[in-house]
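# Results of the structural survey
Take a look at the letters that make up each chain.
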Amino acid sequence: MKNAVLREIPEEILKITGKEPFRGNHYMDGKEIEHTGVKVRAHMNNTESKLVKDIHEALVKCNAHDGMTVSFHHHFREGDLIVNMVMEEIHKMGFKDITICASSLGKAHDPLVPMIEDGTITRIESSGVRGKIGEAISAGKLKGLAIMRSHGGRVRAIETGESHIDIAFIGSPTSDDYGNLRGIGGKADCGVLSYAIVDGDYADYCVAITDCLVPYPNFPAHISQTKIDYVCVVDEIGIPSKIATGAAKPTTDQRKLLMAQYCTQVVVNTPWFRDGFSYQTGVGGASIASTKYLGEIMRERNIRMGFGVGGLTKDMCKLLEDGMANVLLDVQDFDLDAVHSLRNVNHHRIAAGVYADPLNKGAVVNKLDYVVLASLEVDVHFNCNVVVGSDGVITGAQGGHPDTAQGAKCAIVICPLLQGRIPAICTDVTTVTTPGESIDVVVTDYGVAVNPARPDILEALEKADCVPLKTIEELRDIAYSIVGEPEKVEFDDRIVGIIEARDGTIMDVVRKTKPYVL
Amino acid sequence: MINPNKYRLRRTMMFLNCQKPSLIKDPYIYKPDSVMLDLEDAVAEREKDAARYSLYHALKELDYRGVEKVVRINGIDTGLWKEDIRCAVAGGCDSIRIPKTEYPRDVKMVEEAVAEAEREFGRPEGSVLLMAALESARGVMNAVDICDCSERLFGIALSGGDYSKDIQANISGTGIEFMGARQHMIIAARAAKVQCFDTVWTDLDDMHGFRKEVEMIHAMGFDGKSIVNPRQIPIVHEVYTPKEKDIIFAEKVIREIDDKKAKGIGVFTVDGKMIDIAFYDGAKRTIALAKASGVYKGDL
C-alpha cells in the first residue's frame, strides 16, 4: 500500500507490526490515546539498600530473561560506555532474543555487532544508528526489524505500551544510594537526562549506573528515587572528552558560511522574526554559524529570542548569557559550555516528552517559530532523509528532525547541493524520514528553495530580495548537471527496518542492501 | 576591434588548483569576478597532465555563470606552457596569465601561441586575452613596455612571493617591501591604459591585516587583488563598493557634465567642489562599480 509520501509499504509489514501506513502529519490530531499502566514494586523496607555490587547482580534482581527489552539513553553520545558494559554482561549470562530500545546508538556501540550476529540482540528500536551496527542491519544480520523513531516518537511508543521496557539502564553522572540522579557534578557530566525520563516512568525495572556516588539526597534530582529500583556503581560510565567536548571551533569553510548567511537571511526576513521569537538549531558548522549571524542581527535590531530549544551549544547559551534570549529549554548538551550554562536560572531541563511527544497534550516543538536542520538528502517533494546514506546503508538518526520540522512554523533545512559526488537534492530520496509537508525552506550553497505549500514564506523572501531563490527542481537540475543523475541503489527484497513516523504510522521501509558489483 | 572583456570588472581573482576537481567544479558560488585556474605552482610536477585534463573538462562542461576564466600556464622557461595554452584555449578560457614575465618578448611568444590555438580550435581571433604576472625586479622595471606590447594584454599583476625573493627582502606583513613595485606598476598600467592587480595575502588567520592591505591597494588605484580563499572575497568587494555619498556625487557629476557640455560650460561646481571634464571618467567608473556591487539601481 502506498502511504501519504507515496512510499510502498508492503502488506506483510503492516501485518507484522500492526501499524498503519503514514497518512499525513495531522492524521492523529485530536484522537484519544490511552497510556499504558506502569508496574511498580513497592520499596517499604527502610533498611533495604538499592545498591548492587555489579551489573550481573542488577540483571539477576531485575528478573532478566530471554526475549526481554532493555533500554538506554544517548546523553553520553560517542563517549558512552553503559550500553556495551550492560550488553556484555547480558551476553555473558547467555540471554538471547534481546530488544534494545535506545534513544540513539552510535559508533561507540560497534562492539554490539557480534551480539547481533549470534542472536543475542534480535531487535533494535532507536532514533537511528551509525557505524558498524548500521552496516550490520543493512546487511540483514539483525534477525528482527530495526525500528527507527524520532525522539518524540520514542516517548509516544513507550507511553502507549507499543514499546514495553523490561529493564531500563540509566547512566547518570551522579547518584546517591537511593537513586536520585543528576546530569552534573560527576566525572562525566552530560548536563541533562531528558531522554531517560520516560524510561524511568514506564520501565518495569530501572537500574541507575553511575561512577560518582554522592551523599543522599542528590537534589534537585533530574530523575527521582521514586523511579529507580537499583543503583550500580562502576569505574567509568563514559569518556568525558567524547560526551561534552569543548565548543566546536567556528567553521571557516566559506561554503558553510555562505549557507549560514542564506539561512540567517531567511529567518530575519520572514514574519516570525520579531521580539520574543523561538528558535532551534543543530550542531553542524553551518547551523552554528547561522546562530552567530542571527545573534549579530538580533543585537543590531534589538530583537530578543523568547526561547531557544535544543540540543544546545555554546552559541545558543551565549545568547542567554548576553540577555539576547530569555529562556533555554534543554534536552541535550553538546559542549561543556552548554553543561555549565545550566547554572543559569533561565536554562531549563525538559523531558523528551515535553520537547517532542506528538500525542500528548502539546509539546514544546509546537511552539517553535524556526528550526534549522540538516539532511543527507532532500527530494523535489521536500521529503528529507536523515537516516539512510545514498549508498542504501543506515548511517544516521532521526533525532528530533521530524518532530521539530512538523512543529515549527518555519522549518529550514541546510544541505549542500552536492555531498562529494552525490547530489543531495534529488528526484526521490533513498528513504523518507521527514515528510515534505513538514519542510518549508531548503538552503543550499547554490540557492534557496521554498516549499510551494508556503506561498507566505516565498512572498516574504521575494519581497526582501535577500537570497538567490530557486525552485527545488532547479536545484536538483543544477546538481544533476554537475555530477549526473545517479543510478538507483539496488536493494534486496528483505525489509530490515522501518522508519516510523512521529505518530507511529510507517513512513518508509529500509531494505537489505545488495552487495555492489563493478 | 578591442575585446569587450578587456576592461571588465576584476576586483577579485581567485586562485584554484586545477589538480583538485572539487575546487574547480563550482567556484562561482562565491561570486569572485575572475577565477585563476592554476596549472603552474600549485600543481605537483607529476600531476601536470592530470591537471590539464581536469581543466579542459571543467572549462568544456561547466557553466561558470559569468565569472571570468583565467588560466595560469606554466612558465615559458618550461616545456609545458604551449600544451597548457592549447588545452585552455580549446576548453574555452577567457584569458591566459603569463607567469614570470620579464620582457615584452615573453608576452609576444605567448600571444603567438594563443593565436595559433585560436585558429586550431576555431575560436575567433583575439577572443582570448592575456595578463602578465611580474615576479622579478626586471619584470617590474619593464612594466610599461610589457603593458604596451600587446592589444590582448588587459593587465599586469604583482606576484609578491617571487618578487620579494628577487629583491632580497622578506615579506613583512606591512607591505613595505612592495611599496616601490606597487607604485611603479600602477603608474605603468595607467600609462598604458591597462589594469593592475595586487599580490595575494596568504595569512588567513589575519583577516584584519588583509582588510588593511585591501584598503591600501584600493586607495593606491589597483583594480583588484589576487585571492587565495573565498573568505577574502566579501572583504575586497566591500572595500571596492563605492560609498553612498560617492555614488550620489558621481551621479550629480555625470548629469551636470552632460548638461553643462550641451550648454558650452566647461567648469562649474557640484556641492561646492570645482568640477570639469576630467572628473567624468572617474565618476563613470564609480557608477560602474556601484552597479557591479549591486548598490546602484539608477538609470545611468
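In this report, we go over the structure that sits alongside the text. It should be emphasised that the depicted structure is a prediction, and the values quoted were computed from it without experimental measurement.

Another aspect to go through is the overall build of chain A. The number of helices and strands found in chain A is 16 helices and 26 strands. Dimensions of chain A, computed from the C-alpha atoms along their principal axes, are close to 70 × 55 × 45 Å. Burial status across chain A gives 60% buried among its 518 residues. Expressed as a percentage of contacts within chain A between residues at least 6 apart in sequence, the contacts between residues at least 24 apart total 72%. Working note: accessible area of chain A is about 20,300 Å², and carbon and sulfur atoms make up 51% of it. One way to put it: in chain A the 53 positive side-chain charges average out to a point 1 Å from where the 70 negative ones average out.

Here we take up unusual backbone geometry. All names here are of chain A. In this model, Y216 is joined to P217 through a cis peptide bond whose omega is 0°. With respect to the element layout, P217 can be found in the loop between β9 (205-210) and β10 (230-233). That bond from F219 to P220 is cis: its omega, -10°, falls within 30 degrees of zero. Along the chain, P220 turns up in the loop between β9 and β10. You will see that F382, though not glycine, has its phi angle at about 70°, which is positive. Counting through the fold element by element, F382 comes out in the loop between β16 (377-379) and β17 (384-385).

Residues and elements named next belong to chain B. Ordered in space as β1-β2-β3-β4-β5-β6-β7-β8, the eight strands form a closed barrel in which the pairing is parallel. Going from strand to strand, the sheet's axes swing by 25° on average, the running direction of each strand aside. Relative to strand β7 (residues 195-198), strand β6 (residues 153-158) runs parallel, the two being bridged by three bridges. Within β7, the position partnered with G155 by the bridge is Q195. Relative to β7, helix α8 (residues 179-192) is tilted by about 160°, and along the sheet it contacts β5 (129-134), β6, β7 and β8 (224-227). Relative to strand β1 (residues 12-17), helix α10 (residues 233-240) is tilted by about 165°, and along the sheet it contacts β1 and β8.

On to a nonpolar patch on the surface. Residue and element names in this part refer to chain A. There is a patch of nonpolar side chains on the surface, built from L51, L213 and V233 and spanning about 210 Å² of accessible area. Tracing the chain through its elements places L51 in strand β1 (residues 51-52). Accessibility expressed as a relative area gives 32% for L51, which makes it partly exposed.

Moving on, we come to the side chain of R10 of chain B. Residue and element names in this part refer to chain B. Mapped onto the secondary structure, R10 falls in the segment before β1. Here E68 takes part through its side chain, which lies 2.8 Å from a polar atom of the side chain of R10. A distance of 2.7 Å separates the side chain of R10 from the side chain of Q195, its partner in a polar contact. In this structure R10 touches N5, D33, S34, E68, L129, F154, Q195, F197, D223 and G224, once residues within four positions along its chain are discounted.

What follows concerns the packing of aromatic side chains. Applying the stated criterion to the full structure yields 10 aromatic pairs over all chains. Arranged with centres 5.9 Å apart and planes meeting at 20°, the rings of F72 of chain A and F169 of chain A form a pair that is stacked. Residue F72 of chain A is found in strand β2 (residues 69-72), and its partner F169 of chain A is found in strand β6 (residues 167-171); the two are separated by 97 residues along the sequence. The two residues F72 of chain A and F169 of chain A agree in class, both being buried. Residues Y163 of chain B and F178 of chain B carry aromatic rings whose centres are separated by 6.2 Å and whose planes lie at 40° to one another, so their mutual orientation is tilted. With Y163 of chain B in helix α7 (residues 160-166) and F178 of chain B in the loop between α7 and α8, the pair connects residues that are 15 residues apart, well separated along the chain. Just as Y163 of chain B is buried, F178 of chain B falls in that class too. Taken together, the ring pairs in this structure connect W272, F273, F277, Y279 and Y370 of chain A into an aromatic cluster.

The rules behind the values
Residues numbered from 1 in each chain as written. Chains lettered and ligands numbered in written order. Predicted model: local features only at pLDDT ≥ 70, side-chain atom pairs only at ≥ 80, totals over all residues. Heavy atoms only, no water. Helix = DSSP H or I, 4+ residues; strand = E, 2+ residues; numbered from the N terminus. Buried < 20%, exposed > 50% of the residue type's maximum accessible area, 1.4 Å probe, protein only. Contact = heavy atoms within 4.5 Å. Areas by Shrake-Rupley, 256 points an atom, 1.4 Å probe, with all protein chains shown as cover. Lys, Arg positive; Asp, Glu negative; His and termini not counted. Charge placed at Lys NZ, Arg CZ, Asp CG, Glu CD. Pairing = 2+ DSSP bridges. Axes fitted to C-alpha atoms, helices over the stretch in contact; angles between N-to-C directions. Patch = residues over 30% accessible without salt bridge, like charges linked within 9 Å, V, L, I, M, F, W, Y side chains within 5 Å. Salt bridge = Lys/Arg side-chain N within 4 Å of Asp/Glu carboxyl O. Polar contact = N/O pair within 3.5 Å; in protein donor to acceptor, adjacent residues only side chain to side chain. Phe/Tyr/Trp six-rings, centres within 6.5 Å; stacked < 30°, edge-to-face > 60°.

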